[in-house]
Amino acid sequence: MGRSNQYQTVRGTRDILPEEIHYWHRIETTVAEWMRRYQYQEIRTPIIEVADLFYHGVGQETDAIGKEMYVFPDRSGEMLALRPELTAPIARAVHQHSLAAHRSLLRLWYYGPCFRYERPQKGRQRQFHQVGAECIGSSSPDADVEVIALAWDILRELCDTTTLTVSVNSLGTREEQARYRSQLVEYFSQYRNDLSPISQQRLTTNPLRILDSKDPTDRAIICSAPHIIPLLSVQSRAHFDTVLTLLDSLGIPVTIDPHLVRGLDYYTHTVFEFRSNLLGAQDAVGGGGRYDNLVEALGGPPLPGVGFGIGVERLLLAMDIPPVTEQSWQPAVFIAAPENMRVFMHHISSVLRRAGIATAVDLEFRSLKAQLRLAHRMRYAVCLIVSPPPHGDNTAVIKDMRSGEQVALSLEDSDIVSHVQRLLKQQ
Ligand code: HAM
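Residues numbered from 1 in each chain as written. Predicted model: local features only at pLDDT ≥ 70, side-chain atom pairs only at ≥ 80, totals over all residues. Heavy atoms only, no water.

1. Section: the packing of helix H12 (residues 342-354) against helix H14 (residues 413-425)
At their nearest, the axes of H12 and H14 sit 10 Å apart, and the two run at 55 degrees to each other. With respect to each other, H12 and H14 are oriented oblique. Here H12 runs over H14; the crossing is right-handed. Across from Phe344, His347, Ile348, Val351 and Leu352 in H12, the residues of H14 making contact are Asp413, Ile416, Val417 and Val420. A per-class count over the contact of H12 with H14 returns seven nonpolar, one polar and one charged. (Axes fitted to C-alpha atoms, helices over the stretch in contact; angles between N-to-C directions. Helix = DSSP H or I, 4+ residues; strand = E, 2+ residues; numbered from the N terminus. Parallel < 35°, antiparallel > 145°, perpendicular 65-115°, else oblique. Left-handed = near helix turned anticlockwise from the far one by under 90°. Contact = heavy atoms within 4.5 Å. Nonpolar A, V, L, I, M, F, W, Y, C, P; charged D, E, K, R; others polar.)

2. A look at the sheet that holds strand S16 (residues 406-410)
Read across the open sheet, the five strands follow the order S13-S12-S14-S15-S16; overall the sheet is mixed. Since the sheet does not close on itself, it has two edges, and those belong to strand S13 (358-361) and S16, each with one partner. Strand-to-strand twist in this sheet, taken as the mean axis angle between neighbours without regard to direction, amounts to 25 degrees. The sheet contact formed by strand S14 (residues 380-386) and strand S15 (residues 395-400) spans five bridges and is antiparallel. When the sheet's bridge partners are listed, Val386 is paired in S15 with Ala396. (Pairing = 2+ DSSP bridges.)

3. Here's the deal with the site of the ligand
Contacts to the ligand come from 27 residues, most closely from Glu85, Thr87, Glu118, Gln125 and Tyr267. One of the backbone N or O atoms of Phe308 is found 3.4 Å from a nitrogen atom in the ligand. One nitrogen or oxygen atom from the main chain of Gly311 is found 3.3 Å from an oxygen atom belonging to the ligand. Taking 660 Å² as the accessible area of the ligand by itself, protein coverage stands at 96%. When contributions to the shell around the ligand are tallied by element, the ones reaching two or more residues are strand S6 (127-136), strand S10 (284-290) and strand S11 (305-311). With six residues, the top contributor of residues to the shell around the ligand is S10. Class assignment for the residues of the shell around the ligand results in nine nonpolar, eleven polar and seven charged. (Near = heavy atom within 4 Å. Polar contact = N/O pair within 3.5 Å; in protein donor to acceptor, adjacent residues only side chain to side chain. Areas by Shrake-Rupley, 256 points an atom, 1.4 Å probe, with all protein chains shown as cover.)

4. Observations regarding the side chain of Gln125
Counting through the fold element by element, Gln125 comes out in the loop between strand S5 (106-115) and S6. Within polar-contact distance, the side chain of Gln125 engages the backbone oxygen of Gln127 at 2.8 Å.

5. Quick look at unusual backbone geometry
If you check the backbone angles, Gln39 has positive phi at about 65 degrees while not being a glycine. Take Gln39: it is sitting in the loop between helix H1 (18-37) and strand S1 (41-42). One non-glycine residue, His269, lies in the positive phi region at around 55 degrees.

In structure tokens, the structure reads:
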């Protein structure tokens, strides 16, 4: 293999190229704006954590931790992990910095890369990005509704809502889950030999996860599997009913999915998932739920919480961005100058940039024709053509690339800035 082909991105990871970055920025701006409107504060935690945080917090029997986590000893031999998700790190940070000591309710949001060693396919990568929010300190159903409404507001601004569905379920308390687990074991044991090998294994390790199986034979068996709702206590049922009533009052189109269990072990009570029909097999754009025991399980105070995570790569697919047909004009000026005007070129670019105007130059000082061709190809809306001295008469030409109209003007800084500003203001 030639040297130029030797180094490629690691399987399951991607470069985000300049032509795509606009869509990432759009997501980032939209998310930050909705977080502001809901009064969530941004928090940034490290990408590496002690591996035990996830074994303990999220569960060793979950795929994301047991099978897919990137774990490695550092040079001192301590076992570290590349974070597969951010809820456990946030719970760690809340406890570590006693963030809840002075405030009864914490509203936090985050954005950053996560890592899972999964088989890559459309919408599934080994390095992907999540945005999410966590509301910590309230066990009220209103907190569940707040985070679902927040995620929904972000998704509805970026996607066509007719392509989205919102599924919800309740997983009750730990005790109710234990009762449900035994019911499921009893039910699935009748079909033990018909289940896929992985589901057979889960029958002993994590029976709830069988409900997530995509295997067609498993699916047929799962259809008639018992639901958890009839096992819920009056309080758990009332919590769930309030969540449903409030979501309905907000016009959020939720469907109860009685077999929704989600892949992480910390959930109690409400769980939810947002799916898009533009995504194919990996159709979950985001998901989340309540985790009333997580902070305490990590050694902290008994703080209930609820939150969601949205996969940014999947969100991009769910946004169904139309292919670019004709690139629109960039609100920027290009300075076409010959080499013997380089001092002026640097001077005027600096003046323009300091006046807030996006300014590009040709650092190779190609022919005027070549520079104008470049400016056209890059779709710069305005071009400032600086004449070379012997023929130049201390004037420049300013050309509106969109209409082709051009006028001569003096080399005065203020004259140039005001002309460029005026032209860039015109659409
Ligand atoms: P999760 O469902 O495991 O939940 O991940 C959230 C979202 O991350 C998924 O819905 C999906 O969009 C995206 N995602 C997950 N794995 C991949 C992957 N391999 N490639 C691309 N995207 C992926 C959590 O992580 C929880 N921490 C969410 C939460 C917050 N629960 C409570 N608070």
